Structure formats: C-alpha cells, structure tokens
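Overview (structure and organization)
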Amino acid sequence: MPQLKPTTLTTERLTLRWLTADDAAAQFALFSDPEVMRYWSSAPWTDLAQARAAIEQVLAEYRDGTSLRFAITLRDGGAMIGNIRLYDFFDQNRRCDIGYALVQAHWGQGYLAEAMAAVLDYGFAELNLNRVEADIDPRNAASQKLLERMSFEPEGYMRERWIVNGEVCDTEFYGLLKSDWEAR
Ligand SMILES: CC(C)(COP(=O)(O)OP(=O)(O)OC[C@H]1O[C@@H](n2cnc3c(N)ncnc32)[C@H](O)[C@@H]1OP(=O)(O)O)[C@@H](O)C(=O)NCCC(=O)NCCS
C-alpha cells in the first residue's frame, strides 16, 4: 500500500484534488445519475447518506493507503464534476486498478482523457506503479475508446462477471504498463 499524501494535480483545464466532506452533494449528483451508472458495478445511489458514507470511506482510504480517489474540478472553479480513482494497490507487483466517472453535462469534451493522463503520470512516477488495470462493460463504448486512447491494451474477456440490479454483464479487461505509457 503506498503512503499517500494530499496531492493536487493541475492540467490545462482541470484541477484534481483529494475529496472532502464538502463534496457530498456533488458526489451524490454524480453517482445517482442512472446514465452515469449504466455500466457501473452497482446501482445508482438514492440517498445523500450514501454519498456521505462513501466519502467517509474515501477519507479512511487516504489514511490507510488502500485507494486514492481524486475529485475532478474545472480550473475556473465550481463544484466537482467527476472522480478518478486508483485502487486495489498490490505492492509486490506494483499494480492497481483504475475507475472513473464524469457528470453527463461534461461528457465528450476530452476531460477524462486529460484527467487520466495526469493521474497516470502521477501513478507511474510518484507511486512507482508498473501496471494499471481496468475492468469495463464491453458495451461501454465511451470507456473503451477512452482506454484505447490512453494506450491501454485489451487483455481478455470474462463472461457474466457481474450481476448488477439483476442484470448479468460481461467484463472486458484492459491493462497499461509503465513502458506502454512511456512509449506513447
Ligand atoms: C467514460 C467517461 C468517463 C468518458 O468521459 P469523457 O470525458 O466523455 O471522455 P473523453 O471526452 O475524454 O473521450 C474519450 C474518448 O471516448 C469517446 N467517446 C466519448 N463518449 C462516447 C460515446 N458515448 N460513445 C463512443 N465514444 C465516446 C471520445 O470521442 C474519445 O475518443 P477519441 O479520443 O477517439 O475522440 C464518461 O462517459 C462517463 O463518466 N461515463 C459514465 C461512467 C462510466 O461508465 N465510467 C467507466 C466505468 S468502467
């Protein structure tokens, strides 16, 4: 598990920072939207209390180093517009998983690609990762294109890996090596 210290990453249009309890309303808006949650591994949230509890969990994970979630905000200010998260750190193999979501109003403008590039730079350089993995629903075309744009390789297909709200879903598994990232 890495020792995490409060970090802010800045890109051309975005600021990525650690979440705080004040992000609960924006976190709820993000994870209660059925469109955002269409291919997620759990159902949309229905209660602000879920956001508050999730943020408590995020804060605990900063402390114990099990997961690192960034709030994505526009550089010119305003509420959080998305999350990007590195989790399931595996020290010996220097790898982790990545997850991400953006509010619908900001889809299709390259924001996630911009945020992910900064987080991958940080993960490979500062957290000494060698490999980052992503598990996506193969029907999630936006997520698929995003990963491929970031040089992730499709590495396998797993059938009926998730059952979300009674819906059985497959996994397409992607991987990115530090050497892939450096060779881009
Ligand atoms: C996946 C998601 C984060 C993409 O964010 P985004 O900021 O819109 O992505 P970008 O604008 O950086 O686009 C990345 C690529 O996906 C493409 N794309 C975006 N939306 C798309 C869509 N609906 N269908 C097909 N391709 C799409 C873009 O054209 C771009 O490809 P390009 O580089 O070849 O032009 C966003 O759609 C989202 O939050 N979805 C809901 C949550 C989710 O599914 N998360 C992933 C779970 S594994």
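Refer to the structure printed above.
Here's what I pulled together on the structure shown here. What you see is a predicted model; the values in this text were computed from it and never measured.

1. Quick notes on the packing of helix α1 (residues 24-31) against helix α2 (residues 48-64)
- At a minimum axis distance of 8 Å, the contact between α1 and α2 shows a crossing angle of 115°. In terms of axis orientation, α1 runs roughly perpendicular to α2. As α1 packs across α2, the resulting crossing turns out to be right-handed. Only L48, A51, R52 and I55 of α2 make contact with α1, whose side of the interface consists of A24, A25, Q27 and F28.
- Across the contact of α1 with α2, the residue classes tally to six nonpolar, one polar and one charged.

2. Here we look at the pairing of strand β2 (residues 14-18)
- The buried fraction of β2 is high, at four of five residues.
- Bridging between strand β1 (residues 9-10) and β2 involves two bridges; their strand directions are antiparallel. Opposite L9, over in β2, you have L16 as the bridge partner.
- In textbook terms, the turn of a hairpin is the stretch between consecutive antiparallel strands, and for β1 and β2 this stretch comprises three residues.
- Summarising the sheet, β2 and strand β3 (residues 67-74) pair through five bridges and their orientation is antiparallel. From the neighbouring strand, T15 faces β3, where its bridge partner is T73.

3. Some remarks on the nonpolar core
- Counting 55 residues, the largest nonpolar core has I84, I98, M116, L120 and F152 as its most contacted members.
- Broken down by element, the residue count for this core peaks at ten residues, all from helix α3 (residues 111-125).
- Ignoring any residue separated from it by four or fewer positions in sequence, one finds L120 in contact with I98, V132, M150, F152, L176 and W181.

4. Quick notes on the packing of aromatic side chains
- For the structure shown, the criterion picks out four aromatic pairs.
- Centroid distance W18 to Y62: 3.8 Å. Interplanar angle 15°. Geometry classified as stacked. Taken together, the residues W18 in strand β2 and Y62 in helix α2 connect sequence positions 44 residues apart.
- Given a relative accessible area of 15%, W18 falls into the buried group.
- Between F70 and Y122 the ring centres are 6.0 Å apart and the planes differ by 85°, which places this aromatic pair in the edge-to-face class. With a gap of 52 residues between them, F70 in strand β3 and Y122 in helix α3 connect regions that are remote in the sequence. Each member of the pair, F70 together with Y122, is buried.
- Put simply, the rings of F31, W40 and W45 pair up and form one aromatic cluster.
- Looking at R85, its charged tip hangs above the ring of Y87, at a distance of 4.3 Å from the centre.

Cut-offs used in this document
- The numbers attached to residues start from 1 for each chain and follow its sequence in the written order.
- The predicted nature of this model means local features are confined to residues of pLDDT at least 70 and side-chain atom pairs, given and counted, to a pLDDT of 80 or more, with totals for whole chains, interfaces and linings taken over all residues.
- Where side-chain values are given, they derive from all heavy atoms of the structure, hydrogens and water being excluded.
- Only the stretch in contact is used when a helix axis is fitted, and all axes are lines through C-alpha atoms; the angle between N-to-C directions ranges over 0 to 180 degrees.
- A helix here means a DSSP run of H or I that spans at least four residues, while a strand means a run of E at least two residues long, and both kinds are numbered starting from the N terminus.
- Any angle that falls under 35 degrees is termed roughly parallel, while one over 145 is termed roughly antiparallel, one within 65 to 115 roughly perpendicular, and all others oblique.
- In this scheme, a crossing is called left-handed if the near helix is turned counterclockwise away from the far one by less than a right angle; it is called right-handed if the turn is clockwise.
- Contacts were defined at the residue level, with two residues in contact if any of their heavy atoms lie within 4.5 Å.
- Classification used: nonpolar for Ala, Val, Leu, Ile, Met, Phe, Trp, Tyr, Cys and Pro, charged for Asp, Glu, Lys and Arg, polar for all others including Gly.
- Relative accessible area decides the class of each residue, using a 1.4 Å probe on protein chains only: under 20% of the type maximum gives buried, over 50% gives exposed, and in between gives partly exposed.
- Any two strands between which DSSP finds at least two bridges are classified as paired.
- Buried Ala, Val, Leu, Ile, Met, Phe, Trp, Tyr and Cys residues form a nonpolar core when they are joined through side-chain atoms within 4.5 Å.
- We call Phe, Tyr and Trp rings a pair once their centres come within 6.5 Å, taking the six-membered ring for Trp, and we label the pair stacked below 30 degrees between planes, edge-to-face above 60, and tilted otherwise.
- Our definition puts a charge over a ring when NZ of Lys or CZ of Arg is within 6 Å of the ring centre and also within 35 degrees of the ring normal.

So yeah, pure geometry; function would need other evidence.
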